[in-house]
2 protein chains.
Amino acid sequence: MSLPHALLGLLAAAPATGYELAREFESDLGRYAWQAGHASIYPELAKLAARDLVRVVDQGPRGSKTYDITEQGRAELRSWLLHRSGDGVVRNEGVLRMFLIPTLDPDDQRSVLTAIAEETAAAEAELRERLKGGTDPRCSPRAELGLLAGRFGLGQYRATHEWATRALEELDARVADSRRPN
Amino acid sequence: MSLPHALLGLLAAAPATGYELAREFESDLGRYAWQAGHASIYPELAKLAARDLVRVVDQGPRGSKTYDITEQGRAELRSWLLHRSGDGVVRNEGVLRMFLIPTLDPDDQRSVLTAIAEETAAAEAELRERLKGGTDPRCSPRAELGLLAGRFGLGQYRATHEWATRALEELDARVADSRRPN
DNA sequence: TACGACATGTAAGAGGTTACATGATTCG
DNA sequence: CGAATCATGTAACCTCTTACATGTCGTA
């Protein structure tokens, strides 16, 4: 039930069409926070418009509708951001995998942990590169969302990398230990 | 579509009733990785049993059914853990909030970031305490899942805390800057 | 003029939550 | 004996995904 707030948030940064919002969900936003396809976005925009939280401010030549957030919408968004009751829904397939790693035998564990360590290192490097590029002073209104979020992603990647590395070390130590049981 | 694998993973650590599995989802597992209520667990266990991935190994006095994973189930779980195609679904309300913080005015931003910094510090401390207790050598089969997962959580909390702290510092710097515009 | 990007929508179905419904056992 | 906990299940509803369906505009 966070989709409406995700949309309000994006529109609070800048007006956009449903199509543009859908692409937004394909980048960082959908990567760490919330995913949504156009098939859920268009109906949700219509619902938000019916509740006067957003409003069509322009119609393009291809039948595109540009939405903007209203004052009520801004109030709703603010209230949602300030009155955070717990952390709500969490559903992360990658983290679930990490939980279940100990059910594998040591060789398989090593294989999965190595893959995680490599992937997080690569992802961190790539993201760092991307952030370096986009920090010019006259950045788009949505770029600030991306900057804060991107740095959050950086920290998560790094933490995950360190976790996997440490788990690998302990795994090796334990195997070495069991091979020398005298 | 990760619920079946979450259940397989828990059963791979130790046999359990649906009721016990439901409680498992209320702790660390549901906190960071995947949530599920009994109303989705019971039907899913029945489906897994129909596919011979799990099996009823005991019936308790109150009509409880203890499930265990089968060889096929173990193979399915292993294959899912090893052939990780991307990171799949991510849906995290807390992270979404973090993304949208820049849409608030500076005072509200400070308020939200301060709350995040405090909560993550408290959560990290509490989790650290909890992990310290449960690390005895003859731990339950499920405790190892919890240990690795718990350390993952520790890293995430700390990374989030540092992120929020840095964001607060920059926010203060920017406000101080704009108040001295000569 | 054909292809790719832009742009919006609906329908069917999967997956999950909330609420409803039931009953056994244990403990104070 | 009453309340809390254990224990399972179904039904209605909501949300989101996948697939289907349509049409415009720019450009090579």
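Residues numbered from 1 in each chain as written. Chains lettered and ligands numbered in written order. Predicted model: local features only at pLDDT ≥ 70, side-chain atom pairs only at ≥ 80, totals over all residues. Heavy atoms only, no water.

1. Structural notes on the pairing of strand E3 (residues 65-69) of chain A
All names here are of chain A. Convention followed: Throughout this description, buried means an accessible area under 20% of the type-specific maximum (1.4 Å probe, protein chains only), exposed means over 50%, and partly exposed covers the range between. Helix and strand labels come from DSSP, where a helix needs a run of H or I of at least four residues and a strand needs a run of E of at least two; each type is numbered from the N terminus. At least two bridges found by DSSP between two strands is the condition for calling them paired.
Extensive coverage of E3 is indicated by the burial of 4 of its 5 residues. The pairing of strand E1 (residues 16-17) with E3 spans 2 bridges and is antiparallel. If you follow Thr17 over to E3, its bridge partner there is Thr66. Across 5 bridges, strand E2 (residues 54-59) lies against E3 in antiparallel orientation. Each residue of the ladder has a partner; that of Val54, found in E3, is Ile69. If you look at the hairpin formed by E2 and E3, you'll find 5 residues sitting between the two strands, and Gly63 has a positive phi there, around 80°.

2. Concerning unusual backbone geometry
Positive phi, normally seen in glycine, also occurs at A:Asp52, with a value near 65°. Relative to the helices and strands, A:Asp52 is located in the loop between helix H4 (38-50) and E2.

3. Points about the protein's contact with DNA strand C
Just so we agree on the cut-off: Residues are counted as near a molecule or strand when any one of their heavy atoms sits within 4 Å of it. Here a polar contact means two N or O atoms within 3.5 Å. Within protein one must be a hydrogen donor candidate and the other an acceptor candidate, and residues neighboring in sequence count only if both atoms are side-chain atoms. Gly falls in the polar group here, along with every residue not listed as nonpolar (Ala, Val, Leu, Ile, Met, Phe, Trp, Tyr, Cys, Pro) or charged (Asp, Glu, Lys, Arg).
Around DNA strand C lies a shell of 21 residues, among which A:Tyr19, A:Tyr42, A:Arg62, A:Lys65 and B:Met1 are the nearest. Of all atoms in DNA strand C that approach within 4 Å of the protein, 68% are sugar or phosphate atoms. A:Gly18 has a polar backbone atom sitting 3.4 Å from a phosphate oxygen of DNA strand C. Contacts to DNA strand C include A:Arg91, whose side-chain N or O atom sits 3.1 Å from a phosphate oxygen. Counting residues per element, the ones that place at least two in the surface near DNA strand C are helix H2 (18-24) and H4 of chain A together with helix H4 (38-50) of chain B. Partitioning the surface near DNA strand C into residue classes produces 9 nonpolar, 7 polar and 5 charged.

4. Overview of the relation of the copies chain B and chain A
We apply this condition: We place the copies in one frame by least squares, fitting the C-alpha atoms of every residue whose pLDDT is at least 70 in both.
Rotating chain B by 180° about the axis while translating it 0.0 Å along that axis superimposes it on chain A, leaving an RMSD of 0.1 Å. Expressed as an axis order, the relation between the two copies is that of a two-fold axis. Looking at the rotation axis and the C-alpha trace of chain B, the residue lying nearest is B:Arg91, at 2.6 Å.

5. Thoughts on the sheet that holds strand E3 (residues 65-69) of chain B
Two modes of strand pairing occur in sheets, parallel and antiparallel, and in both the strands are linked by backbone hydrogen bonds. Residues and elements named next belong to chain B. Selection criterion: In what follows, a contact means two residues having at least one pair of non-hydrogen atoms within 4.5 Å. Helix axes are fitted only over the stretch in contact, all axes being lines through C-alpha atoms; the angle between N-to-C directions runs from 0 to 180 degrees.
In space, the 3 strands of this open sheet follow the order E1-E3-E2, with antiparallel pairing throughout. Two strands bound the open sheet, and with one partner strand each, they are strand E1 (16-17) and strand E2 (54-59). Sheet contacts for helix H1 (residues 3-13): E1, E2 and E3; angle to E3, the most-contacted strand, approximately 95°.

6. Thoughts on the layout of surface pockets
By rolling a water-sized probe across the atoms, one finds the places where empty space is left. To keep it simple, the criterion reads: A cavity here means a set of points on a 1 Å grid, drawn over the protein atoms and nothing else, where a 1.4 Å probe fits but cannot get out; a pocket is an open set with protein on both sides within 12 Å along at least five of seven lines, and a residue lines either one if it has an atom within 4 Å of a point. Grid points are joined across faces, edges and corners, and a volume is the space filled by probe spheres set on the points.
In this structure, the largest pocket spans a volume of roughly 1200 Å³. In terms of lining, the largest pocket is formed by 46 residues, of which the most central are A:Asn92, A:Val95, A:Gln156, B:Asn92 and B:Gln156. When the residues that make up the lining of the largest pocket are grouped by side-chain class, the tally is 17 nonpolar, 20 polar and 9 charged. Size it by volume and the second largest pocket reaches roughly 740 Å³. Around the second largest pocket, the lining comprises 28 residues; the ones closest to its centre are A:Arg158, A:Ala159, A:Glu162, B:Gly155 and B:Ala159. Listing elements by their share of the lining of the second largest pocket, those giving two or more residues are helix H7 (106-133) and helix H8 (143-179) of chain A together with helix H7 (106-133) and helix H8 (141-178) of chain B. Among the residues forming the lining of the second largest pocket, the class breakdown is 11 nonpolar, 4 polar and 13 charged.

7. What about the confidence of the model for chain A?
All names here are of chain A. Convention followed: Confidence of the prediction at every residue is given by pLDDT, a number between 0 and 100.
Mean pLDDT over chain A works out to 90, with 92% of the residues at or above the 70 mark. Within chain A, E3 carries the highest mean pLDDT (98), whereas helix H3 (residues 28-33) carries the lowest (86). Low pLDDT (under 50) marks residues 135-139, which in the prediction has 1 contact with non-local residues, meaning those over four places away or in another chain.

8. Here we look at the interface of chain B and chain A
A common way to report how large an interface is uses the accessible area buried once the components associate. Here is the rule we go by: The term salt bridge refers to a side-chain nitrogen of Lys or Arg lying within 4 Å of a carboxyl oxygen of Asp or Glu.
On the chain A side, the residues contacting the 63 residues of chain B number 62 residues. Connecting chain B to chain A are 4 salt bridges. The salt bridge involving A:Asp108 is made with B:Arg78; its shortest N-O contact spans 2.4 Å. Connecting chain B to chain A are 19 residue pairs in polar contact (both at pLDDT 80 or more). Residue assignment for the side of chain B that touches chain A shows that the elements contributing at least two residues are H1, helix H3 (28-33), helix H5 (71-82), strand E4 (90-92), helix H6 (93-100), H7 and H8 of chain B. With 15 residues, H8(B) is the largest single contributor of residues to the side of chain B that touches chain A. The residue inventory of the side of chain B that touches chain A, partitioned by class, reads 31 nonpolar, 16 polar and 16 charged. The pairing of strand E4 (residues 90-92) of chain A with E4(B) spans 3 bridges and is classified as antiparallel. Note that in E4(B) the partner of A:Val90 across the bridge is B:Asn92.

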